[in-house]
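Fold and contact review
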Amino acid sequence: RTLAFLLKGASVPLTPEDDFFVMLNGSTNTPAVFSVPNPPDKERRWVRIVDTAALPPLDISLAEQGMPVLTGQHLRIPPMGCMVLQAIARKKQ
């Protein structure tokens, strides 16, 4: 009753798109835990852009305003919940 998948758009030749990691929990009563993978591109980092467990307006955000998420972090998705991460360019230091 869980599903996680990576939409790897940055690797599309000539017309690169953003990468997304989508986590879905279809259980009606059990939370699910997902481990965050490495972004497809080492020059990018994950930010949370959709979290159906958060109260509006925090449930959806633009990538530039998304909450950072670390590779290997374990994310708890509530029953019937969804979370979407987007890979964005790392900030220059």
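For the structure given in this document, a descriptive report is provided here. Here the structure is a predicted model, which is why all the values come from computation and not from measurement.

1. Quick word on a nonpolar patch on the surface
A cluster of nonpolar side chains, namely Leu3, Phe5, Leu7 and Leu24, defines an oily patch on the protein surface of about 310 Å² accessible area. At three residues, the largest contribution of residues to the nonpolar patch is made by strand E1 (residues 2–8). For Leu7, a relative accessible area of 45% translates into the label partly exposed.

2. Re the environment of Ala87
Note on placement: Ala87 falls in strand E7 (residues 82–89). Expressed as a C-alpha distance, the spacing of Ala87 and Arg44, which sit 43 residues apart in the sequence, is 5.6 Å. Excluding residues that lie within four positions of it along the chain, Ala87 makes contacts with Asp18, Asp19, Pro39, Arg44, Arg45 and Trp46.

3. Looking at the environment of Ser27
Relative to the helices and strands, Ser27 resides in the loop between strand E2 (19–25) and strand E3 (32–35). With a relative accessible area of 9%, Ser27 lands in the buried category. Put simply, Ser27 and Gly81 are 54 residues apart on the chain and 8.6 Å apart in space, counted from C-alpha to C-alpha. Excluding its chain neighbours within four sequence positions, the residues that come into contact with Ser27 are Arg1, Pro79 and Met80. Of the polar contacts made by the side chain of Ser27, one reaches the backbone nitrogen of Thr30; its length is 2.9 Å.

4. Overview of the packing of aromatic side chains
All told, the structure shown has one aromatic pair when counted by the stated rule. Geometrically, the ring pair formed by Phe21 and Trp46 is tilted, given 6.2 Å between the ring centres and 45° between the ring planes. Here Phe21 is found in strand E2, whereas its partner Trp46 is found in strand E4 (residues 44–51), with 25 residues between them in sequence. By the burial criterion, Phe21 is buried, and Trp46 matches it.

Definitions and limits used
- Residues numbered from 1 in each chain as written.
- Predicted model: local features only at pLDDT ≥ 70, side-chain atom pairs only at ≥ 80, totals over all residues.
- Heavy atoms only, no water.
- Patch = residues over 30% accessible without salt bridge, like charges linked within 9 Å, V, L, I, M, F, W, Y side chains within 5 Å.
- Areas by Shrake-Rupley, 256 points an atom, 1.4 Å probe, with all protein chains shown as cover.
- Salt bridge = Lys/Arg side-chain N within 4 Å of Asp/Glu carboxyl O.
- Helix = DSSP H or I, 4+ residues; strand = E, 2+ residues; numbered from the N terminus.
- Buried < 20%, exposed > 50% of the residue type's maximum accessible area, 1.4 Å probe, protein only.
- Contact = heavy atoms within 4.5 Å.
- Polar contact = N/O pair within 3.5 Å; in protein donor to acceptor, adjacent residues only side chain to side chain.
- Phe/Tyr/Trp six-rings, centres within 6.5 Å; stacked < 30°, edge-to-face > 60°.

Remember that the coordinates give geometry; whether it matters functionally is a separate question.
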